[in-house]
Amino acid sequence: MTQFVFLGGFSVMQPDPGLIFWTTVIFLLVWVVLGRTAFRPIQESLKKRDADIQHALDEAKRAREEIGKMQSQNELLLKEAQEQRAAIIKEAKEIREATIKRAEEEAKVKVQAMIAEAKTDVEHMRLELKTSIKNELGNMALDIAEKLVRKELKSNTENMELAQKLVEEIKFN
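Residues numbered from 1 in each chain as written. Predicted model: local features only at pLDDT ≥ 70, side-chain atom pairs only at ≥ 80, totals over all residues. Heavy atoms only, no water.

## So, the overall build of the protein
Right, so step 1: Within the protein one finds three helices and zero strands.
Right, so step 2: When its helices and strands are written in sequence order, the protein yields α-α-α.
Right, so step 3: For the protein, the residues scored as buried account for 9% of the 173 residues in total.
Right, so step 4: Pairs at least 24 apart in sequence give 64% of the contacts found in the protein among residues at least 6 apart. (Helix = DSSP H or I, 4+ residues; strand = E, 2+ residues; numbered from the N terminus. Buried < 20%, exposed > 50% of the residue type's maximum accessible area, 1.4 Å probe, protein only. Contact = heavy atoms within 4.5 Å.)

Right, dumping it as structure tokens:
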């Protein structure tokens, strides 16, 4: 029963406001960092790819208009334009997919690194707090023991000599 005195009113079922606060702060920090380092570059690359695709589509459209004007070379130019359009769209899609995949992988790696760092920081804080609590409890126990021993030894000189002899024999780790 005395071993749970230092826990105070801790309950697993009732979240601690401090825990909620730090969890929220860390989540928001991760969100902001991801927003600046991952989401924005992905969005810009997607916009660029969309513009490239639109540009390719516009060029294919212009090529088709020229084919309509030149009836004599209609079939040959139409085939070339369709092949170019397909190649450009295919290449643009491949580049877009590769860019998205690469950006996602980079974001995952960054997120995992940030999570690992956050876990390490939390573990260090937990160990520091645990050590601090143990030190305080040890100091309190020593103070109590010292006061009790002094009270007992005040009246008896034989006990005082025995206590001094025991103190000299004790070796601290």
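## A closer look at a nonpolar patch on the surface
Right, so step 1: Taken together, the side chains of Phe21, Trp22, Val25, Ile26 and Val122 make up a nonpolar region of the molecular surface, amounting to roughly 470 Å² of accessible area.
Right, so step 2: It is helix α1 (residues 17–69) that contributes the most residues to the nonpolar patch, four residues altogether.
Right, so step 3: Here Phe21 is to be found in helix α1. (Patch = residues over 30% accessible without salt bridge, like charges linked within 9 Å, V, L, I, M, F, W, Y side chains within 5 Å. Areas by Shrake-Rupley, 256 points an atom, 1.4 Å probe, with all protein chains shown as cover. Salt bridge = Lys/Arg side-chain N within 4 Å of Asp/Glu carboxyl O.)

## Brief notes about the packing of aromatic side chains
Right, so step 1: Using the criterion set out here, one finds three aromatic pairs in the structure.
Right, so step 2: Taking the centre distance of 6.3 Å and the plane angle of 25° together, the rings of Phe27 and Trp31 count as stacked. Of this pair, Phe27 and Trp31 both sit in helix α1, four residues apart, which is roughly one turn of the helix.
Right, so step 3: Phe27 sits in the exposed class, given a relative accessible area of 52%.
Right, so step 4: Both rings, one in Trp31 and one in Phe39, keep their centres 5.6 Å apart while their planes meet at 55°; by these two values the pair is tilted.
Right, so step 5: Taking relative accessible area as the criterion, Phe39 reaches 39% and is therefore assigned partly exposed.
Right, so step 6: Feature note: the residues Phe27, Trp31 and Phe39 constitute an aromatic cluster, connected by ring pairs. (Phe/Tyr/Trp six-rings, centres within 6.5 Å; stacked < 30°, edge-to-face > 60°.)

## Describing the pattern of salt bridges
Right, so step 1: This structure, assessed with the given rule, holds two salt bridges.
Right, so step 2: Two residues, Arg49 and Asp52, come together in a salt bridge whose shortest N-O distance is 3.1 Å. With Arg49 and Asp52 both in helix α1 and three residues apart, this pair spans about one turn of that helix.
Right, so step 3: The buried category is assigned to Arg49, whose relative accessible area is 19%.
Right, so step 4: Given the relative accessible area of 32%, Asp52 is considered partly exposed.
Right, so step 5: Arg126 is paired through a salt bridge with Glu123; the nearest N and O atoms lie 2.5 Å apart. Placement of both Arg126 and Glu123 in helix α2 (residues 74–153) is noted, with a separation of three residues, approximately one turn of the helix.
Right, so step 6: Residue Arg126 is classed as partly exposed on the basis of its relative accessible area, which comes to 43%.

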